[in-house]
Amino acid sequence: VVNDDFSIRADINGYSYDTTQTESGTNYQADLSLRSVNFMVDYFPFASSGFRLTGGAGYFGSDLTLDARGPGTADIDGQTVTLTANDFVTAKIDFPTFAPYLGIGYGHSKGNKGLYFGADLGVYIGDFKSSLDVSANVRNAVGDAAVERERQALEDSVSSASFVPSLQFFVG
């Protein structure tokens, strides 16, 4: 707590989730990695309440990787290609590295003594990036132009997202 109206805080977050599925003989793996370090300034507009407005920033090391491996089939720009055991199609989405944060919350005001609970609801604002990698056999089967159109379609869908919603609960 800086004074009755403002406080400064930082937090570190991490979560990973991996899953594998087989559909139509094709093995799919999804890997989600969420990592962040956040710095926040809280403003308490009402002296007798834990309600606050929050501004700050987050530094992310977060990504989502989707990987299709043979044997099986994959769709590249509307073309079905057969994957051998050595073939792959990998799409990766990277979260913004740096993102400003705006939010509201309740909790951890100056008057808190002992155990308390709190919550934040807000958004991080930033641009996502994506990449697409395919094995040489897949590229040869559909052509460079089809791979580039598929990569561009992925980039277009990812770039339309310009924020990361955030809901956090905490105990202090």
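Before reading further, recall that the structure is shown in the block above.
Right, let's walk through the structure included here. (Residues numbered from 1 in each chain as written. Predicted model: local features only at pLDDT ≥ 70, side-chain atom pairs only at ≥ 80, totals over all residues. Heavy atoms only, no water.)

With respect to the packing of aromatic side chains
Point 1. Summed over the entire model, instances satisfying the criterion amount to 7 aromatic pairs.
Point 2. Feature note: the residues Phe39, Tyr59 and Phe98 constitute an aromatic cluster, connected by ring pairs. (Phe/Tyr/Trp six-rings, centres within 6.5 Å; stacked < 30°, edge-to-face > 60°.)

A closer look at the pattern of salt bridges
Point 1. A complete count under the given rule lists 9 salt bridges for this structure.
Point 2. Of the charged contacts, one joins aspartate 42 and arginine 9 as a salt bridge, the two residues approaching to 2.6 Å between their closest N and O atoms. Of this pair, aspartate 42 sits in strand β2 (residues 26–43) while arginine 9 sits in strand β1 (residues 6–23), and the two are 33 residues apart along the sequence. Here aspartate 42 matches arginine 9 in class, with each residue buried.
Point 3. When salt bridges with common partners are traced through the structure, they connect Arg9, Asp42, Arg52 and Asp120 into a single cluster. (Salt bridge = Lys/Arg side-chain N within 4 Å of Asp/Glu carboxyl O. Helix = DSSP H or I, 4+ residues; strand = E, 2+ residues; numbered from the N terminus. Buried < 20%, exposed > 50% of the residue type's maximum accessible area, 1.4 Å probe, protein only.)

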